[in-house]
Amino acid sequence: MPRNIFDETMLKSLSIPMCVVDENGKILKANEHISDVFLYDSLEGTDFFVLTGIKLNFKEDSIKNIPLVERNSKTFQPVIKENTDTPGEYVVIFKDITEYEN
């Protein structure tokens, strides 16, 4: 299987905001729906902490109990899973929970 086929397919096919982040917290790529969360044209190379205010240490498995992200009058619950096809990369899905929070 070619490198990153999982996240490339997921990024293009799912209609929810998501991105791929490396173990240092840098965004490697994002899908077009990420604009629901962040109003920037290009996020590649951007620090995840700078965008979200969430400081994660991926190497120490601190990807549980992640705080909510509030942007653009919406509330998102980040869900982070390690990309088993590419060690050191994490897929971040931003689940819109605005209706539940209101």
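Residues numbered from 1 in each chain as written. Predicted model: local features only at pLDDT ≥ 70, side-chain atom pairs only at ≥ 80, totals over all residues. Heavy atoms only, no water.

K.L.:
A description of the environment of Glu 89 should follow, citing residues and the corresponding values.
P.N.:
Note on placement: Glu 89 falls in strand β5 (residues 89-96). For the pair formed by Glu 89 and Lys 26, sequence separation is 63 residues and the distance between their alpha carbons is 9.7 Å. (Helix = DSSP H or I, 4+ residues; strand = E, 2+ residues; numbered from the N terminus.)

K.L.:
Lay out the pairing of strand β2 (residues 27-30) in plain terms, naming residues and giving numbers.
P.N.:
Judged from the 3 bridges that link them, strand β1 (residues 18-22) and β2 form a sheet pairing that is antiparallel. Of the residues in β2, the one forming a bridge with Cys 19 is Ala 30. The turn joining β1 and β2, which pair antiparallel and follow one another in sequence, is formed by 4 residues; a positive phi near 90° is taken by Gly 25. (Pairing = 2+ DSSP bridges.)

K.L.:
Pulling in residues and values, what's your account of the sheet that holds β2?
P.N.:
The antiparallel open sheet is built from 5 strands, whose spatial order is β2-β1-β5-β4-β3. Every other strand in the sheet has two partners, leaving β2 and β3 (69-71) as the edge strands with one partner each. Sheet twist, expressed as the average angle between the axes of neighbouring strands with direction ignored, equals 30°. As defined by bridge partners, strand β4 (residues 74-82) adjoins β5 across 7 bridges and the pair is classed as antiparallel. Bridging across to β5, Val 79 finds its partner in Ile 93. (Axes fitted to C-alpha atoms, helices over the stretch in contact; angles between N-to-C directions.)

K.L.:
So what about the environment of Asp 36? Which residues, and what values?
P.N.:
Residue position: Asp 36 is located in the loop between β2 and α2 (48-52). Residue class for Asp 36 comes out partly exposed when judged on its relative accessible area of 32%. (Buried < 20%, exposed > 50% of the residue type's maximum accessible area, 1.4 Å probe, protein only.)

K.L.:
Describe the pattern of salt bridges, and please don't skip the residues or the numbers.
P.N.:
Here the structure, examined in full by the defined rule, presents 1 salt bridge. One salt bridge connects Asp 47 with Lys 26, and the closest N-O pair in it is separated by 3.6 Å. Of this pair, Asp 47 sits in the loop between β2 and α2 while Lys 26 is found in the loop between β1 and β2, placing the two residues 21 residues apart along the sequence. (Salt bridge = Lys/Arg side-chain N within 4 Å of Asp/Glu carboxyl O.)

K.L.:
So what's going on with the nonpolar core? Which residues, and what values?
P.N.:
Residues Cys 19, Phe 38, Phe 48, Val 92 and Phe 94 are the most contacted members of the largest nonpolar core, which totals 18 residues. Of all the secondary-structure elements, those providing two or more residues to this core are β1, α2, β4 and β5. The element contributing the most residues to this core is β5, with 3 residues. (Core = buried A, V, L, I, M, F, W, Y, C linked by side-chain atoms within 4.5 Å.)

K.L.:
Any chance you could break down the packing of aromatic side chains for me, citing the residues and the numbers?
P.N.:
For the coordinates displayed, the defined rule picks out 2 aromatic pairs. Aromatic side chains Phe 48 and Phe 94 sit 6.4 Å apart centroid to centroid with 35° between the ring planes, which places their arrangement in the tilted category. Placement of the pair is Phe 48 in helix α2 and Phe 94 in strand β5, with a sequence separation of 46 residues. A residue is classified by how much of its surface remains accessible, and Phe 94, at 1% relative accessible area, is buried. Taken together, the ring pairs connect Phe 38, Phe 48 and Phe 94 into an aromatic cluster. (Phe/Tyr/Trp six-rings, centres within 6.5 Å; stacked < 30°, edge-to-face > 60°.)

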